[in-house]
Amino acid sequence: MSQATPQFYASLSVALGGGLGAFLRYQAGRAVTAWLGAPAVTFFPWATLTVNTVGSVLMGVLAGWLVRSGGANSDQLRLLLGVGLLGGFTTFSAFSLEMALLIQRGQVLIAALYVMLSIGLGVTGLIFGLSLTRLFS
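A brief look at the structure comes next.

The rules we used
Residues numbered from 1 in each chain as written. Predicted model: local features only at pLDDT ≥ 70, side-chain atom pairs only at ≥ 80, totals over all residues. Heavy atoms only, no water. Helix = DSSP H or I, 4+ residues; strand = E, 2+ residues; numbered from the N terminus. Rg over C-alpha atoms; globule rule 2.2 N^0.38 Å. Buried < 20%, exposed > 50% of the residue type's maximum accessible area, 1.4 Å probe, protein only. Contact = heavy atoms within 4.5 Å. Areas by Shrake-Rupley, 256 points an atom, 1.4 Å probe, with all protein chains shown as cover. Phe/Tyr/Trp six-rings, centres within 6.5 Å; stacked < 30°, edge-to-face > 60°.

### Some details on the overall build of the chain
And step 1. For the chain, the count of helices and strands is six helices and zero strands.
And step 2. Across the chain, helices and strands are ordered from the amino to the carboxyl terminus as α-α-α-α-α-α.
And step 3. Its C-alpha atoms give the chain a radius of gyration of 18 Å, clearly above 14 Å, the size a compact globule of 137 residues would have.
And step 4. When its C-alpha atoms are laid out on the principal axes, the chain stretches across 50 × 40 × 40 Å.
And step 5. Out of the 137 residues belonging to the chain, those deemed buried represent 21%.
And step 6. Restricting to contacts in the chain with at least 6 residues of sequence separation, those with at least 24 account for 62%.
And step 7. Summed over its atoms, the accessible surface of the chain is roughly 9,600 Å², and 73% of this surface lies on carbon and sulfur atoms.

### Description of the packing of aromatic side chains
And step 1. The full count for this structure, using the stated rule, is four aromatic pairs.
And step 2. Their ring planes at 40° and their centres at 5.1 Å tell us that Phe 95 and Tyr 114 sit as a pair that is tilted. Of this pair, Phe 95 sits in helix H5 (residues 91-104) while Tyr 114 sits in helix H6 (residues 108-135); the two residues are 19 residues apart in sequence, bridging distant segments of the chain.
And step 3. Classification of Tyr 114 by relative accessible area gives partly exposed; the value is 26%.
And step 4. Feature note: the residues Phe 92, Phe 95 and Tyr 114 constitute an aromatic cluster, connected by ring pairs.

Structure below.
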């Protein structure tokens, strides 16, 4: 029987973290809806805003902690918690981290372009996908 590769363990960490993150996102959405009520969450996407904000704060804490602590397990923790858990919880946290890194490197114009393209292409892609389903249904 062959031994598992480091890539296997990395992928497993991302998958486990992602599953837990998605579960937590769902539970957070339910909690916000229960707290504010369905009409409020229907009127404005409070649950998504909450998850994106909390995820971004947690990504900042994780990134800062990993940079300061370093160590042999930092890559495994980054995969489990950053890519997996927070990625499953909200991809906005990854977007926020990438934005901060671009700004910290002094690439403000690239950061602005990234924001415009991410939002513009994301919304356009969603509308296009909806149009395709209407076209072929």
